[in-house]
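As a plain string of letters, each chain reads:
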Amino acid sequence: MVRKMSVPPMELVDDKGPHTQVCAVMDGIGKVSNRRALIPEPNEGEVRVKVKWVGICGSDVEVFRGAREPEFISYPTRLGHEVAGIIDKVGKNVTGIKQGDHVALRYVWGAFAEYVCCEPFSVKVLPKDLPLIEGSLIEVLPGIIHAAELAEISPNKNVLITGQGVSGLIMTQVVRLYSPRNLVVTDLFDEKLALARKYGATHTYKIPHEHADTMEILKHDFPDGFDVVIPCLLEGEGMVDAINATAQNGKIVMYGCIGTCRKPVDFFKIHKKRLDILSTEPKRDIDNRRYFDEGLRLVQDGLVNTEEMITHIVPLTEVDRAFQLRNEHKGDTIHVMVDCEIKE
């Protein structure tokens, strides 16, 4: 069975004591607060990470907005999975990883905290000369690289990426390396489209509003649609738009649009166009690790920039303000990074 996202247990306490830490709890829709919890001890086969940076992902925002169904999440809960930090303690029978290693984490949720424990499978050791702030977004690269491979992009194909948020901008950088004929991206904001052009998009289109029909805007330049459509939007309803934008015999690779969809989906259109619809999380643990390695190399080699899109840095003690910022729909707010190192 392939491993899935897990939330490491954390014991909340009422008092501030010598063995406690600050952590963030999502109490309900639109409500996130700082609490105290015991600093966890690593079990056998685990390591403890002193967390430095955690980015607020779109999935965190959807939980904050109450846009995820109960089977996905219930409140109260802990969030945060784009993590970079330093190994602080190593449990029994852990080999290879050692105290002091700089690391990025994957498949660990609930990391808006000072410390978190996890298994080595979730850990990618980073070079110490790589700034830790650039390491947290390596977490998104396995799914993005897998999406690009599933899309089977080649120089004769036109590719559309809808949405240029954090993941969309990284997707644009990665897909460019697969040398499509045209790399077309859409977004609501000029600032994000400017970065997309810098990262290799051949065509950028500003969408007038979030419910706009993409093909109404692009049909004059791309009347037949796109061989590959990769939605990088939060809302599940973006899949309806993606189906409309895909060419005959094309592919939709669902990096985004995994939220709730309340619009009707025309399955006959999928059948008539002979579309393939693929999900992007690796289905085997070994692939997850391989893509983790590849993602780090892309960042190390300067082919993927994970730092430039950071627009705000907020301390963990002000996590509510960080979520309010990230929840704003603005061009000058792209990635909000939470600094989890508490300075006494």
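As the structure is a prediction and not an experimental result, all values here were calculated from the model. (Residues numbered from 1 in each chain as written. Predicted model: local features only at pLDDT ≥ 70, side-chain atom pairs only at ≥ 80, totals over all residues. Heavy atoms only, no water.)

Now for the sheet that holds strand 12 (residues 226-231). Ordered in space as 11-10-9-12-13-14, the six strands form an open sheet in which the pairing is parallel. Two strands bound the open sheet, and with one partner strand each, they are strand 11 (203-206) and strand 14 (276-279). Within the sheet, the average angular offset between the axes of one strand and its neighbour, ignoring direction, is 20°. For strand 9 (residues 158-162) and strand 12, the ladder comprises four bridges, and the chain directions are parallel. Counted as the bridge partner of Leu 160 is Val 229 from strand 12. Packed on one face of the sheet, helix 5 (residues 190-198) meets strand 10 (182-187) and strand 11 and runs near 175° to strand 11. (Pairing = 2+ DSSP bridges. Helix = DSSP H or I, 4+ residues; strand = E, 2+ residues; numbered from the N terminus. Axes fitted to C-alpha atoms, helices over the stretch in contact; angles between N-to-C directions. Contact = heavy atoms within 4.5 Å.)

A few words now on the packing of helix 4 (residues 166-176) against helix 5. The axes of two packed helices give the description: the angle between them and the distance between them. Two elements in contact, helix 4 and helix 5, have axes separated by 9 Å at closest approach and are oriented at 20°. As far as their axial angle goes, helix 5 and helix 4 are roughly parallel. Our pair here, helix 4 against helix 5, has a crossing hand that is right-handed. Listed contacts from helix 5 to Leu 169, Thr 172 and Arg 176 of helix 4 are Lys 192, Leu 195, Ala 196 and Lys 198. (Parallel < 35°, antiparallel > 145°, perpendicular 65-115°, else oblique. Left-handed = near helix turned anticlockwise from the far one by under 90°.)

Once that is clear, we can look at the sheet that holds strand 3 (residues 31-38). Pairing in this open sheet of three strands is antiparallel, and the strands run 1-3-2 from one edge to the other. Looking at the sheet topology across the chains shown, the edges are occupied by strand 1 (12-13) and strand 2 (20-28). Bridge count for strand 1 against strand 3 is two bridges, and the pairing is antiparallel. Across the sheet, the residue bridging to Val 13 is Arg 36, located in strand 3. The sheet strands contacting helix 10 (residues 319-327) are strand 2 and strand 3, and the helix crosses strand 3 at an angle near 145°.

Let us now look at the environment of Ala 201. Tracing the backbone through its elements, the reader meets Ala 201 in the loop between helix 5 and strand 11. Ala 201 sits in the buried class, given a relative accessible area of 10%. Sequence separation between Ala 201 and Arg 78 is 123 residues; the distance between their C-alpha atoms is 36 Å. For Ala 201, the contacting residues outside a window of four places in its chain are Thr 172, Leu 183, Val 185 and Ala 196. (Buried < 20%, exposed > 50% of the residue type's maximum accessible area, 1.4 Å probe, protein only.)

Each α-helix winds once per 3.6 residues, and so residues spaced three or four apart point in a common direction. Here helix 1 (residues 58-65) lies mainly inside the structure; seven of its eight residues are buried. Listed as buried for helix 1 are Gly 58, Ser 59, Asp 60, Val 61, Glu 62, Val 63 and Phe 64. Structurally, helix 1 contributes buried residues whose contacts are with strand 2, strand 3, strand 4 (47-55) and helix 10. Looking at the residues trailing helix 1, positive phi occurs at Gly 66, about 80°.

All right, on to the pairing of strand 2 then. The buried fraction of strand 2 amounts to eight of the nine residues, a majority that puts the element mostly inside the structure. Sheet topology places strand 2 next to strand 3; eight bridges connect them, and they run antiparallel. Looking across to strand 3, one finds that Met 26 is bridged to Val 32. Between strand 2 and the antiparallel strand that follows it, strand 3, lie two residues; Gly 30 among them carries a positive phi value of about 75°.

Let's shift gears to the nonpolar core. By size, the foremost hydrophobic cluster in this structure holds 47 residues, and its most contacted members are Ile 161, Ile 170, Met 171, Val 174, Val 175 and Ile 230. Ranked by residues supplied to this core, first place goes to helix 4 with six residues. Setting aside its immediate chain neighbours within four residues, Val 175 contacts Ala 148, Ile 153, Val 159, Ile 161, Pro 180, Leu 183 and Ile 230. Counting 36 residues, the second largest nonpolar core, distinct from the first, contains Met 26, Val 61, Val 314 and Phe 323. (Core = buried A, V, L, I, M, F, W, Y, C linked by side-chain atoms within 4.5 Å.)

Among all positions in helix 10, only Val 319, Ala 322, Phe 323, Leu 325 and Arg 326 are buried. The buried residues of helix 10 occupy one face: seen down the axis, they fall within an arc of 160°. Next to the buried residues of helix 10 lie strand 2, strand 3, helix 1, strand 15 (310-315) and strand 16 (335-339). (Arc of directions from axis to C-beta.)

A few words on the side chain of Thr 77. Checked against the element boundaries, Thr 77 lands in the loop between helix 1 and strand 5 (82-90). Residues in contact with Thr 77, not counting those within four places in the same chain, are Val 25, Met 26 and Val 63.

Under the counting rule described, the total for this entry stands at four aromatic pairs. Pairing Tyr 107 with Phe 121 gives two aromatic rings, centres 6.5 Å apart and planes at 45°, and the pair type is tilted. In this pair, Tyr 107 is assigned in the loop between strand 6 (102-105) and strand 7 (115-118) and Phe 121 in the loop between strand 7 and strand 8 (123-126), connecting sequence segments 14 residues apart. For Phe 121, a relative accessible area of 14% gives the class buried. Relative to Phe 323, the ring of Phe 112 has its centre 5.7 Å away and its plane inclined at 70°; by these criteria the two rings are edge-to-face. Here Phe 112, found in the loop between strand 6 and strand 7, pairs with Phe 323, found in helix 10; they are 211 residues apart in sequence, far enough to count as distant. In this structure, Phe 112 and Phe 323 share a single accessibility class: buried. Sitting over the face of the ring of Phe 121, Arg 3 holds its NZ or CZ atom 4.3 Å from the ring centroid. In this structure, Lys 52 is placed above the aromatic ring of Trp 53, and the distance from its NZ or CZ to the ring centre is 4.8 Å. (Phe/Tyr/Trp six-rings, centres within 6.5 Å; stacked < 30°, edge-to-face > 60°. Lys NZ or Arg CZ within 6 Å of the ring centre and 35° of its normal.)

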